[in-house]
Amino acid sequence: MLDYSYMDIFIPRDLTREAARQLLTEHAEYGQWELARVRVHPDGSRHVRLRRKIMRVRRTF
């Protein structure tokens with residue numbers, strides 16, 4: 001069973017598509033986040049949910 005941690009990002013409508021892409025790319029490259037969901041609201045703003053796997057470490061004796 002995989003466990004994920006989630007991060008929600010609100011992108012305002014006045015942010016360009018290129019700037020939003022750059023923001024999400026940086027999160028993906030440096031934070032190991034992947035895109036889980038994007039909601040585009042009628043006013044043009046976007047709600048983005050990112051996720052990443054939680055690394056569980058087992059004890060070794």
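Attention in this report is confined to the structure presented alongside it. All values reported here derive from a predicted model rather than from experimental measurement.

This part covers the sheet that holds strand 3 (residues 46–53). Reading across the sheet, the three strands line up as 1-3-2 and stay open at both edges, with antiparallel pairing between neighbours. Strands with a single pairing partner mark the edges of an open sheet, and in this sheet they are strand 1 (4–11) and strand 2 (34–40). For this sheet the average axis-to-axis angle between neighbouring strands, irrespective of direction, equals 20°. Pairing between strand 2 and strand 3: six bridges, direction antiparallel. Bridge assignment links Arg39 to a residue of strand 3, and that residue is His47. Taken strand by strand, helix 1 (residues 17–31) contacts strand 1 and strand 3, and its axis lies near 15° from that of strand 3.

Glancing now at the nonpolar core. Counting six residues, the largest nonpolar core consists of Ile9, Ile11, Ala20, Trp33, Val48 and Leu50. Elements with a contribution of two residues or more to this core: strand 1 and strand 3. The residues touching Ala20, leaving out its near neighbours within four places in the chain, are Ile11, Leu15 and Arg46.

A few words now on the environment of His41. Counting through the fold element by element, His41 comes out in the loop between strand 2 and strand 3. As a C-alpha pair, His41 and Pro12 span 29 residues in sequence and 10.0 Å in three-dimensional space. Once you skip the residues sitting within four places of it in the chain, His41 turns out to touch Arg46 and His47.

What counts, and where the lines are drawn
Residues numbered from 1 in each chain as written. Predicted model: local features only at pLDDT ≥ 70, side-chain atom pairs only at ≥ 80, totals over all residues. Heavy atoms only, no water. Pairing = 2+ DSSP bridges. Helix = DSSP H or I, 4+ residues; strand = E, 2+ residues; numbered from the N terminus. Axes fitted to C-alpha atoms, helices over the stretch in contact; angles between N-to-C directions. Contact = heavy atoms within 4.5 Å. Core = buried A, V, L, I, M, F, W, Y, C linked by side-chain atoms within 4.5 Å. Buried < 20%, exposed > 50% of the residue type's maximum accessible area, 1.4 Å probe, protein only.

By themselves, these are just geometric observations and shouldn't be taken as functional.
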